[in-house]
Amino acid sequence: MERKKRLVVLSGAGMSAESGIRTFRDSGGLWEEYDVMEVASITGWQKNRDLVLRFYNERRRQLEKAVPNEGHKGLADLEKYFDVHIITQNVDNLHERAGSTKILHLHGELTKARSSADPSLVYDIGYRDINPGDRCEKGSQLRPHIVWFGEPVPAMDEAVQIASQAEIFVIIGTSLNVYPAAGLVNYVSSEVTVFLIDPSEVYVPAGRRVEVIKEGASAGVAVLKTKLNL
Ligand code: OAD
């Protein structure tokens, strides 16, 4: 059997927009309604834990009602033809629910909680709330398993490894505003074609050739398939 080429996807909030999950920086995005530093930073957590817990409880409830869109499903289908690795900035589980099998969450996962004292204690909570007073087995408050602004990105080394071995690289639905995730494309070999699926213009660093597919995620993944001769 022929070896499958390694196709690496970097996805962001726009990937899930057609599933009804709001992006962050578009008009109507979450950071218009909320102050990012209040709800998604380590200093925000230290200042007002109740507010942060409420914010993520609401995100988790919305996720429970959301379903994967044709874009998520199209990427899962690509596994028939390619060795697909998804690096996602999204904290939802829609890639998993669409059937993709190799997914690295750079910014954490909504359906997990972790100890605020010992980061190795991570718990599956499904779509349940985390409430003030919910504690880990060592007695410290549970927090969302999310990488906040001001915190390191533990999965970054693995992401760099995956990106550097890409033979096709696809960026979908991210404004590439947030580092270190936005810098991943710099680790992709210069001979590799980079596809960019986004309805808006996105600046890709490193001055490399980018094949732009100016579409939303569902239509964009369909166009990608034709460009890959599928
Ligand atoms: P942004 O909200 O910054 O960017 C969303 C991108 O999706 C934009 O480029 C939009 O044009 C595009 N978009 C909108 N609708 C789309 C659609 N239907 N199909 C495809 N693309 C669409 O979101 P991210 O780049 O993911 O981190 O944001 C990165 C990080 O910033 C997030 O992981 C989050 C946030 O703060 C944390 O909270 C830690």
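Residues numbered from 1 in each chain as written. Predicted model: local features only at pLDDT ≥ 70, side-chain atom pairs only at ≥ 80, totals over all residues. Heavy atoms only, no water.

## With respect to the overall build of the chain
Stated precisely, the cut-off is as follows: Secondary structure elements follow DSSP: runs of H or I of four or more residues count as helices, runs of E of two or more count as strands, with numbering from the N terminus. Computation of the radius of gyration draws on C-alpha atoms alone. For the globule rule, the value is 2.2 Å times the number of residues to the power 0.38. Each residue's exposure class comes from its accessible area (1.4 Å probe, protein chains only) as a fraction of the maximum for that residue type: buried when under 20%, exposed when over 50%, partly exposed otherwise. Areas reported as accessible are Shrake-Rupley estimates using a 1.4 Å probe. Residue values count occlusion only from the protein chains shown. Counting rule applied: Lys, Arg positive; Asp, Glu negative; His and chain ends not counted. Lys charges are placed at NZ, Arg charges at CZ, Asp charges at CG and Glu charges at CD.
Tallying secondary structure elements over the chain gives eight helices and nine strands in all. The globule rule puts the C-alpha radius of gyration for 230 residues at 17 Å, and the 18 Å found for the chain is close to it. Taken along its principal axes, the extent of the C-alpha atoms in the chain is 55 × 40 × 35 Å. Across the 230 residues of the chain, 53% fall into the buried class. Carbon and sulfur atoms provide 49% of the accessible area of the chain, an area that totals close to 11,100 Å². Counting 28 positive and 31 negative side-chain charges, the chain places the centres of these two groups 2 Å from one another.

## Some remarks on the side chain of Ser-41
To keep things clear, this is the line we draw: Polar contact is defined as a pair of N or O atoms within 3.5 Å, subject to the rule that within protein one atom must be able to donate a hydrogen and the other to accept it, and that residues adjacent in sequence are counted only when both atoms are side-chain atoms. Should any heavy atoms of two residues lie within 4.5 Å, those residues are counted as being in contact.
Inspection of the secondary structure assignment puts Ser-41 in the loop between helix 2 (36-39) and helix 3 (42-47). A polar side-chain atom of Ser-41 sits 2.9 Å from the main-chain amide nitrogen of Gly-44. Apart from residues no more than four positions distant in its own chain, Ser-41 is found in contact with Val-36, Trp-148 and Phe-149.

## Topic: the site of the ligand
Note the threshold: One heavy atom within 4 Å of a molecule or strand is enough for the residue carrying it to be called near that molecule or strand. Basically, the charged four are Asp, Glu, Lys and Arg, the nonpolar ten are Ala, Val, Leu, Ile, Met, Phe, Trp, Tyr, Cys and Pro, and anything else, Gly included, counts as polar. Residue ranges for the domains trace back to a domain assignment, done automatically or taken from a database.
Close to the ligand lie 24 residues; Glu-18, Arg-25, Thr-174, Ser-175 and Asp-198 are nearest. At 3.2 Å from a nitrogen atom of the ligand is found a main-chain nitrogen or oxygen belonging to Gly-14. In this structure, Gln-89 approaches the ligand through a main-chain N or O atom, which is 3.2 Å from an oxygen atom. When the ligand is considered free in solution it has 800 Å² of accessible area, and contact with the protein chains removes 93% of it. Classifying every residue of the shell around the ligand gives ten nonpolar, ten polar and four charged. Per-domain counts for the shell around the ligand show at least three residues from each of domain 1 (1-21 + 68-107 + 153-230) and domain 2 (22-65 + 110-146).

## Points about the sheet that holds strand 7 (residues 168-172)
Note the cut-off: When DSSP finds two or more bridges between a pair of strands, those strands are recorded as paired. Every axis in this analysis is a line fitted to C-alpha atoms, fitted for helices over the stretch in contact. Angles between the N-to-C directions lie between 0 and 180 degrees.
Overall, parallel pairing links the six strands, which are arranged 3-2-1-7-8-9 in an open sheet. A single partner strand is all that each edge strand has here, and the edge strands are strand 3 (103-105) and strand 9 (210-213). Strand-to-strand twist in this sheet, taken as the mean axis angle between neighbours without regard to direction, amounts to 20 degrees. Sheet topology note: the strand 1 (residues 6-11)/strand 2 (residues 83-88) ladder contains six bridges and is parallel. By the bridge assignment for strand 2, Val-9 is matched with Ile-86. Contacts from helix 7 (residues 156-164) reach strand 1, strand 2, strand 3 and strand 7, with the element oriented near 140 degrees to strand 2.

## What about the nonpolar core?
Within soluble globular proteins, side chains that are nonpolar tend to cluster in buried spots. The condition is simple: Side-chain atoms within 4.5 Å link the members of a nonpolar core, which is a set of buried Ala, Val, Leu, Ile, Met, Phe, Trp, Tyr and Cys residues.
Residues Ile-87, Leu-106, Phe-169, Ile-171, Leu-176 and Leu-184 are the most contacted members of the largest nonpolar core, which totals 27 residues. Element by element, the count of residues in this core is highest for helix 7, at five residues. Setting aside residues no more than four positions away along its own chain, Ile-171 makes contact with Leu-10, Leu-176, Val-185, Val-194, Phe-195, Leu-196, Ile-197 and Val-204. In this structure, Leu-30, Tyr-34, Phe-55 and Leu-121 belong to the second largest nonpolar core, which totals 21 residues.

## Quick word on the packing of aromatic side chains
Selection criterion: Ring geometry is summarised as follows: Phe, Tyr and Trp rings, the Trp one being its six-membered ring, pair when their centres sit within 6.5 Å, and such pairs are stacked at plane angles under 30 degrees, edge-to-face over 60 and tilted between the two.
Evaluated as defined, the whole model comprises six aromatic pairs. Centre to centre, the rings of Phe-24 and Trp-31 are 5.0 Å apart; their planes meet at 35 degrees, and the pair counts as tilted. A residue is classified by how much of its surface remains accessible, and Phe-24, at 30% relative accessible area, is partly exposed. An angle of 35 degrees between the planes, with centres 5.4 Å apart, marks the rings of Trp-45 and Trp-148 as tilted. In this pair, Trp-45 is assigned in helix 3 and Trp-148 in the loop between strand 6 (142-146) and helix 7, connecting sequence segments 103 residues apart.

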